[in-house]
Structure formats: C-alpha cells, structure tokens
Amino acid sequence: MVKIPTIKQNDNTVMPIIGLGTYTSTGGDCKRAVKDAIDAGYRHFDTAYFYENEAEVGEAIREKIAEGAIKREDVYIVTKLWCHFHDPERVEKACRLSLKNFGLDYIDMYLMHWPYAYVYEGDRVMFPTDPSGEVKLSDVDYVDTWKAMEKLVGLGLTKSIGVSNFNSKQLTRLLSAATIKPVHNQIEAHPGLSQKKLIEFCKNLNIVVTGYCPLGRPEGNRGDFLNDKKIIEIGKKYNKSSAQVILRWLVDSGVVPIPKSVTKSRIQANIDIFDFQLSAEDRQVLDGFNTGHRIIPMTHAKNSPHYPFHEEF
Ligand SMILES: NC(=O)C1=CN([C@@H]2O[C@H](COP(=O)(O)OP(=O)(O)OC[C@H]3O[C@@H](n4cnc5c(N)ncnc54)[C@H](OP(=O)(O)O)[C@@H]3O)[C@@H](O)[C@H]2O)C=CC1
Ligand SMILES: O=C1CO[C@H](CO)[C@@H](O)[C@@H]1O
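Note that this is a predicted model, so its numbers are computed, not measured.

Q: How should the site of ligand 1 be read in this particular structure?
A: In the region of ligand 1, 28 residues are neighbours, and G21, Y23, Y212, A243 and K260 sit closest. A total of three residues in the shell around ligand 1 trace back to one element, the largest contributor, which is helix 9 (residues 264-270). The class makeup of the residues in the shell around ligand 1 is 13 nonpolar, ten polar and five charged.

Okay, here's the thing in structure tokens:
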C-alpha cells in the first residue's frame, strides 16, 4: 500500500497531497473504485452534489469503516455546493443534503463549485434552462454564498471550506469580506493549462490549489498528453508511465491532483509517484506544454458577472 504524503493547511487541517476524482463514476463503478482506492492507499476523495455519486462514495467509505480497514478520521472527503444552491438561504440545506447522501455526519472540505450562480428550480435541476435552452443565471453574489458557508463550519457540518474555479480578482474580493479564509481553490491544471500565475498567487495567500483534469481528461484512445512521445520518453527514464510523470510534475508544481479512474490498475498506478524525482530539465519539458487551453470553459455562463475566465488568471 502506498503511503501518501500530507499537507498542513491554513486552518491547521491536514490533507493527502493526491486524491481520487469521481466525476462520471457512477452505477456501482464509483463504489468499487473508492474501495479499490482505499485498499491502494488513497485517503482523499473528491466528489460533488452535481456528480450524483455522493451516496456511492459514502457507502464505500462506511463499508470500509465497518470492516475496520479505516476510521472516519483517516479519510478526507471533499464535496461541492452546486450553482443552483448559491442563495444563502439554501446553503445549509444543500450541505445537509450532501451529508444525507454520504450517510456521514461531517464533510472534510466543502467547496463552492463555481463563483457564478443559477436560478433554483428544484434540488435535482442542475441546469435550469429557458425555452431557448439557455441556462438561467442568477445574480447571487459569491460573497453572500460564502458568508452562509462560513456558518457550516460553526455547525460542525464541515471541517473546512474553500472555493473552486475562482480567479485571482475573485479571491482578493472574497478575502476582503471573509471571516474564514478559503482553504482551497480547486482549478483545472494539466500540462496544457499549467496555471503558474494562479498557483503562485494562491501560494502567497496560503491557499492550497487542488488540480482537476490532471491527465487532461483522456477518453477512449484519445490520450493527448498520455500518448505524447516526449512525456513517454521521460517516463522511460524513471520506469514510469506518462500519467505518473504528469501527476508527479503537478505535485512538484504545488498542485494537489485528483485523477479520476474506475480502473483498479490505474487507481493503483496513479499514486505510485513518490519513489522517483523528475529532473529540473524534465520538469521544464512538461512546463513547455502550456497553451492555456481550457478543457472546461463553461461558456454558457460567460454573461454572468461572476464568470471567472475573462481574466488572465
Ligand atoms: N471543480 C471542478 O469544476 C471540477 C472538478 N473535477 C474533479 O477532478 C477530477 C479529475 O478530473 P477528470 O475530469 O475526471 O479528468 P482526469 O484528467 O482525471 O481524467 C480522467 C480520465 O482518465 C482516465 N485515466 C485515469 N488514470 C489513467 C491512467 N493512468 N492512464 C490512462 N488513463 C487514465 C480515466 O479512465 P478510467 O476511469 O476509465 O480508468 C478517465 O477517463 C474529477 O473526476 C472531479 O472529481 C473535474 C472537473 C471540474
Ligand atoms: O466538476 C465538474 C465536472 O466537469 C464538468 C464539465 O464536464 C463541470 O461542469 C463540473 O464543474
């Protein structure tokens, strides 16, 4: 079993520096993946209300606790408030819904999934749309949503709170109003979008960056970075796969990656990255892939005043 290093965060909580992503893991695959991951050594799990798999993640963890394999305090569970729950009146209810899905009494990290909001039309209506098919945006300010999230910590529903997909200006504005500082900013990070400026910005504020789509979200045989000859060649030097090289590069870049997999061998391999060190030269090669291209631009929200990607970083 791999022993994953941990990081101490700005609220004194501690988190493993790589986790398991779970977006699109459903239908039994998710539960099996979380259990395989626990066996492999993972102790950090990333999900969201939006992924509709909190129940599977919770079931896997509760079964592993019942088996005596882990204790609740050994695992770090991250989930997220979806955009239709931003109205401060809905935040506590949304968090309690997630806890009910998990079958647990606290979350480790509750993130605001995006800075922009949607109109609420029901708990399960994730993308409320108008007759022309446009997503109905709401003008709730993320600062007001954050104020409601701060109360969740006092209620003991979550140990920590953080944000996702916030740009540097939004973080600055949030910090000027916050009583509790965000612990995380979860952002897209992979060789094509290395996010050096935002990572440095967050580091200076002592905010941990967790990185989504760390492998560039490969699907089927469309491997992009995973099939790249230069990355494969680097891997050969260390007897590692291109996925392992990329994940190690992210960790060395100050990012906590959360690769998703439902494949046991990949789940195991993706954390087997702590027994080698990339040379400065190899890290530079990885740095050279940055094009700034986003896999997840969420352009349907570009007219929201809180859309994050109009800024440089
Ligand atoms: N905050 C946010 O807005 C967002 C957060 N996220 C979070 O980040 C996580 C990771 O991002 P995600 O979009 O899933 O993309 P990833 O970059 O993690 O790619 C996942 C894909 O890579 C495959 N894969 C995993 N490991 C390997 C490997 N070693 N070799 C080859 N293929 C591999 C998986 O296949 P298979 O499962 O079949 O093995 C899956 O198809 C999400 O699952 C979610 O938890 C993601 C997007 C946005
Ligand atoms: O977490 C997420 C997973 O990916 C989705 C896009 O495919 C995003 O909408 C969402 O933020």
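Q: Would you explain the environment of A33 in this entry?
A: Following the sequence through the fold, A33 ends up in helix 1 (residues 29-40). Through-space distance from the C-alpha of A33 to that of I246 is 21 Å; in sequence the pair is 213 residues apart. What A33 contacts, discounting residues up to four positions off in sequence, is L20, S25, S261, V262 and I267.

Q: Before we go on, may I ask you to explain the packing of helix 2 (residues 54-67) against helix 3 (residues 88-102) in this structure?
A: At a minimum axis distance of 7 Å, the contact between helix 2 and helix 3 shows a crossing angle of 50°. In terms of orientation, helix 2 lies oblique with respect to helix 3. Residues E54, A55, V57 and G58 of helix 2 form the contact with helix 3, whose participating residues are S98, N101 and F102. Residue classes in the contact of helix 2 with helix 3 are distributed as three nonpolar, three polar and one charged.

Q: Explanation requested: the environment of A301 in the structure shown.
A: Following the sequence through the fold, A301 ends up in the segment after helix 10 (280-287). Owing to 20 C-beta atoms within 10 Å, A301 belongs among the buried residues under this scheme. With 25 residues separating them along the chain, A301 and F276 place their C-alpha atoms 41 Å apart. Here A301 is in contact with Y116, V135, L137 and Y307, once residues within four sequence places are set aside.

Q: I would appreciate a short explanation of the UniProt feature "active site" (unreviewed entry) in the protein chain in the present structure.
A: As recorded in UniProt, the feature "active site" (unreviewed entry) lies at Y51. You can see Y51 is positioned in the loop between strand 4 (44-46) and helix 2. Those residues within four positions of Y51 in sequence are excluded, and the remaining contacts are T22 and Y23.

Q: Is there a simple way to explain helix 6 (residues 196-204) in this structure?
A: Of the residues making up helix 6, those classed as buried are L198, I199 and C202. Buried positions in helix 6, seen along its axis, are confined to an arc of 100° and lie on one side of it. The exposed residues of helix 6 that point more than 90 degrees off its buried face are K197, K203 and N204. Where helix 6 terminates, the next one or two residues include N206, which has phi positive at roughly 60°.

Q: What exactly am I supposed to notice about unusual backbone geometry here?
A: The backbone of N12 shows a phi angle near 70°, a positive value even though the residue is not glycine. As for its placement among the helices and strands, N12 is situated in the loop between strand 1 (6-8) and strand 2 (14-16). Take N12: there are 9 C-beta atoms within 10 Å of it, and that puts it in the exposed class. Phi is positive for C213, which is not a glycine, with a value near 50°. Tracing the chain through its elements places C213 in the loop between strand 11 (208-212) and helix 7 (229-238).

The rules behind each value
In this convention, every chain numbers its residues from 1, walking through the sequence in written order. All chains are assigned letters beginning with A, and all ligands numbers beginning with 1, in the order in which they are written. Residues qualify for local features only when their pLDDT is at least 70, as the model is predicted, and side-chain atom pairs are given and counted only at 80 or more; totals for whole chains, interfaces and linings, by contrast, use all residues. Using the backbone to place each C-beta atom, any residue with that atom within 6 Å of a molecule or strand is considered near it. Numbering of helices and strands runs from the N terminus; a helix is a DSSP stretch of H or I covering at least four residues, while a strand is a stretch of E covering at least two. Nonpolar residues are Ala, Val, Leu, Ile, Met, Phe, Trp, Tyr, Cys and Pro. Charged residues are Asp, Glu, Lys and Arg, and all others, Gly as well, are polar. With C-beta atoms placed from the backbone, a contact is any residue pair whose C-beta atoms sit within 7 Å. Here an axis means a line fitted to C-alpha atoms, over the contact stretch when the element is a helix, while the angle between two N-to-C directions is reported on a 0 to 180 degree scale. Should an angle lie under 35 degrees it is considered roughly parallel, over 145 roughly antiparallel, and from 65 to 115 roughly perpendicular; all remaining angles are considered oblique. Counting other C-beta atoms within 10 Å of a residue's C-beta gives its exposure: the residue is buried at 20 or more, exposed at 12 or fewer, and partly exposed in between, where C-beta atoms are placed from the backbone. UniProt positions are given in the numbering used here, feature names are shortened, and annotations may be inferred rather than shown by experiment. Each C-beta atom gives one direction from the helix axis, and the arc is the one those directions make.

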